[in-house]
Amino acid sequence: PTPGPTPPQEPAVCSGTVAATLRLGLRSAPWGLWVSGLEPGDVVDIVGQYQGSDFPDDTWYYVNYGAISGYAKALWIESTGCPSEIPQRPPAPRIY
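Conventions and cut-offs
Residue positions are given per chain, counted from 1 along the sequence in the order it is written. Given that this is a predicted model, residues contribute local features only at a pLDDT of at least 70 and side-chain atom pairs are listed and counted only at 80 or more, while totals for whole chains, interfaces and linings are drawn from all residues. The basis for the side-chain values is all heavy atoms of the structure; hydrogens and waters are excluded. The way it works is that DSSP assigns letters per residue, a run of H or I at least four long becomes a helix, a run of E at least two long becomes a strand, and they are numbered from the N terminus. The cut-offs for exposure are 20% and 50% of the maximum accessible area for each residue type, with area from a 1.4 Å probe on protein chains only; residues under the lower value are buried, those over the upper are exposed, and the others partly exposed. Working rule for contacts: check all heavy atoms of both residues, and any pair within 4.5 Å makes them a contact. Using a 1.4 Å probe, the Shrake-Rupley method yields the accessible areas, and only the shown protein chains count as cover for residues. A pair of strands is considered paired only if DSSP assigns at least 2 bridges between the two.

(A) The overall build of the protein chain, seen in detail. In terms of helices and strands, the protein chain carries zero helices and seven strands. From first element to last, N terminus to C terminus, the protein chain shows the α and β order β-β-β-β-β-β-β. Looking at the 96 residues of the protein chain, the share that counts as buried comes to 35%. Across the protein chain, the fraction of contacts at a sequence separation of at least 24, relative to all contacts at a separation of at least 6, is 55%. Of the accessible surface of the protein chain, which amounts to about 6,200 Å², a share of 58% is contributed by carbon and sulfur atoms.

(B) Region of the structure containing the pairing of strand 1 (residues 14–18). By the alternation rule, side chains of strand 1 split into C14, G16 and V18, which are all buried, and S15 and T17, of which none is buried. Across four bridges, strand 1 lies against strand 4 (residues 43–51) in antiparallel orientation. Bridged to S15 within strand 4 is D45. With four bridges joining them, strand 1 and strand 7 (residues 77–80) adopt antiparallel strand pairing. Looking at strand 7, one finds that G16 is bridged to S79.

Laid out in structure tokens, this is it:
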């Protein structure tokens, strides 16, 4: 079967640069499956954020990177031009 069309990506609110010293995981959900890796210096489009509750600094950005979208730890992304409040983007519920 031929795959269907790719859904359009959500529009960016601002951008960010990966400030990690090693590869940063781009995940399907906060603490979720690894989708891809972001290299130091990569620029991403920030679409939204998710404030987790597992740790004091458990903030994640939902980002677009090329044709890939996912969650990356906000601690390791230097944001630029972001509004004071980035729209909340909670992950989809897990199906067991």
